[in-house]
Amino acid sequence: MEIRLPGPALVLALLAIPASAREEGDSDAHAARIEARMTDEERFQLLHSHLPITIAPGKPAQLIPGMPIAPGVVRPIERVGFQGLAKTDASLGVVNPFGLREGDVATALPSALALAASFDPALAFRAGAMIGGEAQAKGFNVLLGPGVNLARDPRAGRNFEYLGEDPLLAGVLGGEMSRGIQSRGVVATIKHLVMNDQETLRRTMDARIDEAALRESDLLAFEIGIERGRPGAVMCAYNRVNGPWSCGSDWLLNQVLKGDWGYKGWVMSDWGAVHDVSYFNAGLDQHSGAELDEKVWFDAPLQAEYAAGRVSKERLSDAVRRILRSLHAVGAGWKPGEPRSDIDYAANAEVAREVAAAGIVLLKNDGALPLSGDAKSVLVVGGYAVAGVIAGGGSSQVTPVGGPAAILPTSVHPLVKRPAGQLIVPSSPVAALKKNLPQHTISYDPGYDAGMAAARAARADAVIVFATKWESEGWDSSDLSLPQGQDALIAAVAKANRNTIVVLETGNPVAMPWLADVRAVVEAWYPGQQGGAAIADVLSGALNPSGRLPMTFPASIGQNPRPQLTGFGEPDSMRAARLPVEYTEGADVGYRWFARKKLQPLFPFGHGLSYTRFTHSGLKIKDGDSVTASFEVKNAGERQGADVPQLYLVKASGRDVQRLAGFQRLALKPGERRRITLEIEPRILADWTTEGWRIRGGVYGFALGKSADDLGPTVTVTLAERRVKP
Ligand code: BGC
């Protein structure tokens, strides 16, 4: 049969069809058609992305005409209608790396932990759509997010970029974020597969973990995220997993991801994570930031392997088709490079505000909040609150609309003009408080001198201390304390004025030695470019707080499975000796570890207070095609508010366990009640066995929780033994 190949115009038209209009099979057929027309040289061109940024003396940036300064670009092959790739970071907004794209700003979302604290899949979709829309408008067709690594260590530098400690929560939100990104014709990249759960020696550390435990925890977050969001790309991680490096692990990429999960998109490496050409046969399709590695492995070295017959034609075609397939399936095959449209920054700021508002967690409140009319003079102390809010560091750091209020330099790269460091996002809590509370006198003390702050605090009706902890990609914190004497500052202020409230801007849980001496504590994470306004809304009562902790706040680091951070302080290097990190907690991450060890945290997973009161009742569990839970939620207080009832599995086939099995965020008016039905994710009920997921026969117990530590009565159901999808 004669196959007629489409001409370039038709190819372009096909690439531009939005994803929703296409069938799965179409994308496979489309990719096969284009790939078949390529020469081998063209095929190899797709398998590595360049870093058009000068990163080392003597290694000048390879700028590609028409392509932006970005972490990754792939040249177009116009002959076959492949328009090229322009990759941009990432999960908190479109990043302008090192400020190299002069004057380019983007909407800066709060940290992903704030999004996770909303427990709101629909909001994750909107956040993704916002970032995807800005990426598209700026000419990027691949977004390097979301990140779903589990928060296993409260000192880990990148937790703020991830979606918390629970695989169901991270998987569902990561999946929705991916769908949102891709709804704007931009490929989402779920990362970092897998176990990049600490930054310390991330390039050499070997995560040692039992396979079943890994399948039930970090891998489950990816599995759910990929099923739900169908991201066009997966980014493998820097670290090793049970021996091999993630990006060169046949087990991880070929067997689990592409085999067991049937993943059809492409796997790209992290930047500087490829050490050998053999990674290609192990399942890595694209070498990113290729100039960062010892060799551009997937160029000449891979061609040599192919010529020698050690790489098959089939595998070469497969890798290329995976990229073309995702572009088609997502509708991302348009020509990247140049800005394509204007951005409605005012509308996008609303998304940033929504995330901040839904993610702020009220940890403690003895009635001090919302601020009463009696507190006429309010002293705000510290945290740069007069200028803005802080953001986390590293590749996810967004240059916000309006430009940074300040950058406190922590490092200077010899080849980059702008210093890198702690970025203050221009959303001043002090200005927002003045706006929300016009009858109050709001003054500010920088908190530089604890004695001065305490003396001024003694004269105020109420004091709000803003405490910050800057965390970043590339390093972990040594402990849970607030840096630069802020714990002592809070203690001194609280001693001088017992009407003291603390607002935290942190990338992780922190210890609170002063907790008993303050009246309220608000966790605002890194709250993004509308953060000041959202914080002021919570403090003044314009907004009823509704965030719930997506991570356990330990009482001390001694409660953590690894009180010592393995390798902490040792210098990182690309190829230094292997550093084993033993994940003995297995799948019992965060609250599950606390339940197993019967430990009392400072604040449990799922915790968050409100200005109203909710009740949960009438839990029923039904077994059928799937297992479902239904129950009633009531707003029994006086104010409108949003609740996040959490369903926990507490007994599985007779064993005591604790696993989040479902959650639902809902807004209720005073007195309003609503019945909720949740379908329970079967893999939460199951164990990973040698034959795959299996729900063992026996008695299963469920309880509704206001947090992992505040559970209602247990309701049981007997389930018959069954297998769950692969
Ligand atoms: C990070 C990735 C990021 C990439 C490109 C790496 O250092 O680990 O998350 O997407 O750089 O900037």
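Draft legend 1. Spotlight on the site of the ligand. Near the ligand you find 13 residues, and of these D89, R158, H192, Y238 and D270 are the closest. Within the contact set of the ligand, an oxygen atom lies 2.7 Å away from a side-chain nitrogen or oxygen of D270. E473 is positioned with one of its side-chain polar atoms (N or O) 2.9 Å from an oxygen atom of the ligand. Burial of the ligand by the protein amounts to 90% of the accessible area it has alone, namely 310 Å². Of the residues that constitute the shell around the ligand, the class distribution is five nonpolar, two polar and six charged.

Draft legend 2. Here's a closer look at the environment of S372. On the secondary structure map, S372 appears in the loop between β9 (361-365) and β10 (377-381). Since its relative accessible area comes to 35%, S372 is described here as partly exposed. Here the alpha-carbon distance between S372 and F44, two residues 328 residues apart in the chain, equals 66 Å.

Draft legend 3. How the structure looks around unusual backbone geometry. Geometrically, the link from K191 to H192 is a cis peptide bond, its omega value of -10 degrees lying close to zero. Tracing the sequence through the fold places H192 in strand β4 (residues 187-193). That bond from L369 to P370 is cis: its omega, -5 degrees, falls within 30 degrees of zero. Tracing the backbone shows P370 in the loop between β9 and β10. Positive phi values are uncommon outside glycine, yet M195 reaches one of about 70 degrees. On the secondary structure map, M195 appears in the loop between β4 and β5 (205-208). Residue M195 is classed as buried on the basis of its relative accessible area of 0%.

Draft legend 4. Region of the structure containing helix α12 (residues 345-359). With 15 residues, α12 should cover 21 Å at 1.5 Å per step; its first-to-last C-alpha distance of 21 Å lies within 8% of that length. For α12, the complete set of buried residues consists of N348, A349, V351, A352, V355, A356, A357, A358 and G359. Residues of α12 that are buried in the fold lie against α4 (112-117), α5 (121-138), β9, β17 (520-523) and α16 (531-540).

Draft legend 5. Local environment of the pairing of strand β18 (residues 579-582). Residue alternation in β18 divides its side chains into a buried set, L579 and V581, and an unburied set, P580 and E582. With four bridges joining them, β5 and β18 adopt parallel strand pairing. In the sheet register, M205 faces β18, and the bridge partner there is L579.

Draft legend 6. Structural context of the layout of surface pockets. Computed from the structure, the largest pocket encloses a volume of approximately 1200 Å³. Lining the largest pocket are 43 residues, with F98, R202, G394, S395 and E473 positioned closest to its centre. For the lining of the largest pocket, the leading source of residues is strand β12 (residues 406-411), giving three residues. Partitioned by chemical class, the residues of the lining of the largest pocket number 20 nonpolar, 15 polar and eight charged.

Draft legend 7. Representation of the pairing of β5 in the model. Sheet analysis places β5 next to strand β7 (residues 240-241), joined by two bridges and oriented parallel. Bridge assignment links D206 to a residue of β7, and that residue is R240.

Draft legend 8. Inspection of the state of the cysteines at higher detail. All told, the structure shown has one disulfide when counted by the stated rule. Between the sulfur atoms of C236 and its disulfide mate C247 the distance is 2.1 Å. Here the S-S torsion is close to 110 degrees, and the disulfide linking C236 with C247 is therefore right-handed. Here C247 lies in the loop between β7 and α9 (250-260) and C236 lies in strand β6 (residues 233-236), a separation of eleven residues in the sequence. C247 carries the same exposure label as C236, and that label is buried.

Draft legend 9. Inspection of empty space enclosed by the protein at higher detail. Taken as a whole and assessed by the stated rule, the structure comprises five cavities of 30 Å³ or more. Taken as a whole, the largest cavity holds about 130 Å³ of empty space. As for the largest cavity, its lining consists of 17 residues, of which R152, P154, E165, N560 and G590 are closest to the centre. Taken together, the residues that form the lining of the largest cavity break down as nine nonpolar, three polar and five charged. What the second largest cavity holds in volume is close to 100 Å³. Around the second largest cavity sit 15 residues that line it, and L92, L109, A391, G392 and V398 are the ones nearest its centre. The class makeup of the residues in the lining of the second largest cavity is ten nonpolar, five polar and no charged.

Draft legend 10. Inspection of the sheet that holds strand β14 (residues 441-445) at higher detail. The sheet built from six strands is open, its strands ordered β9-β17-β16-β15-β10-β14 with mixed pairing. Lying at the two open borders of the sheet, with one neighbouring strand each, are β9 and β14. In this sheet, adjacent strand axes meet at a mean angle of 15 degrees when their direction is disregarded. The pairing of β10 with β14 spans five bridges and is classified as parallel. When the sheet's bridge partners are listed, V378 is paired in β14 with I442.

Draft legend 11. Quick look at the confidence of the model for the protein chain. The predicted model of the protein chain averages 94 in pLDDT, with 95% of residues at 70 or higher. This stretch, residues 1-21, has a pLDDT under 50; its non-local contacts, to residues over four places away or in other chains, come to 25 contacts.

Draft legend 12. Quick peek at the packing of helix α2 (residues 24-36) against helix α11 (residues 313-330). At a minimum axis distance of 8 Å, the contact between α2 and α11 shows a crossing angle of 125 degrees. One way to sum up the angle between α2 and α11 is to call them oblique. Every pair of crossing elements has a handedness; the one defined by α2 and α11 is right-handed. Taken together, the residues of α11 that come into contact with α2 (itself represented by E24, D26, S27, D28, H30, A31, A32, I34 and E35) are K313, S317, V320, R321, L324, R325, H328 and A329. In terms of residue class, the contact of α2 with α11 is made up of six nonpolar, four polar and seven charged.

About the cut-offs
Residues numbered from 1 in each chain as written. Predicted model: local features only at pLDDT ≥ 70, side-chain atom pairs only at ≥ 80, totals over all residues. Heavy atoms only, no water. Near = heavy atom within 4 Å. Polar contact = N/O pair within 3.5 Å; in protein donor to acceptor, adjacent residues only side chain to side chain. Areas by Shrake-Rupley, 256 points an atom, 1.4 Å probe, with all protein chains shown as cover. Nonpolar A, V, L, I, M, F, W, Y, C, P; charged D, E, K, R; others polar. Helix = DSSP H or I, 4+ residues; strand = E, 2+ residues; numbered from the N terminus. Buried < 20%, exposed > 50% of the residue type's maximum accessible area, 1.4 Å probe, protein only. Expected span 1.5 Å × (residues − 1). Contact = heavy atoms within 4.5 Å. Pairing = 2+ DSSP bridges. 1 Å grid on protein atoms, 1.4 Å probe; cavity = no way out; pocket = protein on both sides within 12 Å on 5 of 7 lines; lining within 4 Å. Points joined across faces, edges and corners; volume = space filled by probe spheres on them. Disulfide = S-S within 2.5 Å. Axes fitted to C-alpha atoms, helices over the stretch in contact; angles between N-to-C directions. pLDDT = per-residue confidence, 0-100. Parallel < 35°, antiparallel > 145°, perpendicular 65-115°, else oblique. Left-handed = near helix turned anticlockwise from the far one by under 90°.

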